[in-house]
Amino acid sequence: MPLMRLHVQLGVGMHNTGLHHNIDRNFTPHMTLLYDRKAVPPTSLDQPVSWTAREFLLIHSLLGKSEHHIIDRWPLLG
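Owing to the predicted nature of the structure, the values given are computational and were not obtained by experimental measurement.

Visitor: Just to check I follow, could you spell out the environment of Phe56 for this structure?
Guide: Take Phe56: it is sitting in strand β1 (residues 55-62). A sequence separation of 19 residues divides Phe56 from Pro75, and the C-alpha atoms of the two residues are 6.2 Å apart. Residue contacts for Phe56: discarding those within four places in its chain leaves Leu6, Leu10, Asp72, Arg73, Trp74 and Leu76.

Encoded structure:
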């Protein structure tokens, strides 16, 4: 299953850079779209938001420093 392979590759990438890695079944890959102190009110959109992703990046964000380091990247070949 492709998602399981991605899951394992994420864990290996994290391990190789010395980060805590969790590749058991409780790990939940996710994408953060926004961090903000203000709540965003529920909104209806006329059309769905979409974009084409060409690669997947594992990024280490330094909390509160607005600093991000790319740990690894994978092209999306679909």
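Read on for the rest.
Visitor: I keep staring at helix α1 (residues 2-16) and nothing clicks. Help me out?
Guide: Three or four residues apart is the spacing at which side chains of an α-helix point the same way, because the helix has 3.6 residues per turn. The terminal C-alpha atoms of α1 lie 21 Å apart, and with 15 residues this matches the ideal 21 Å at 1.5 Å per residue to within 8%. By the burial criterion, the buried members of α1 are His7, Leu10, Gly11, Gly13 and Met14. Axial view of α1: buried residues confined to an arc of 160°, hence all on one face. Facing away from the buried surface of α1 by more than 90 degrees, the exposed residues are Pro2, Arg5 and Asn16. Contacts from the buried residues of α1 go to β1 and β2 (67-75). Looking one or two places after α1, you find Gly18, whose phi comes out positive at around 85°.

Visitor: Would you explain the pattern of salt bridges in this entry?
Guide: Side-chain pairs of opposite charge can arise whenever the charged atoms involved come near each other. Here the structure, examined in full by the defined rule, presents one salt bridge. The residue Glu55 makes a salt bridge to Arg73 at a minimum N-O spacing of 3.0 Å. Here the residue Glu55 occupies a position in strand β1, and Arg73 occupies one in strand β2, the gap between them amounting to 18 residues.

Visitor: Hey, could you run me through the nonpolar core in this one?
Guide: Listed in full, the five residues of the largest apolar core are Leu10, Met14, Leu58, Ile71 and Trp74. Contributions of two or more residues to this core are made by α1 and β2.

About the cut-offs
Residues numbered from 1 in each chain as written. Predicted model: local features only at pLDDT ≥ 70, side-chain atom pairs only at ≥ 80, totals over all residues. Heavy atoms only, no water. Helix = DSSP H or I, 4+ residues; strand = E, 2+ residues; numbered from the N terminus. Contact = heavy atoms within 4.5 Å. Expected span 1.5 Å × (residues − 1). Buried < 20%, exposed > 50% of the residue type's maximum accessible area, 1.4 Å probe, protein only. Arc of directions from axis to C-beta. Salt bridge = Lys/Arg side-chain N within 4 Å of Asp/Glu carboxyl O. Core = buried A, V, L, I, M, F, W, Y, C linked by side-chain atoms within 4.5 Å.

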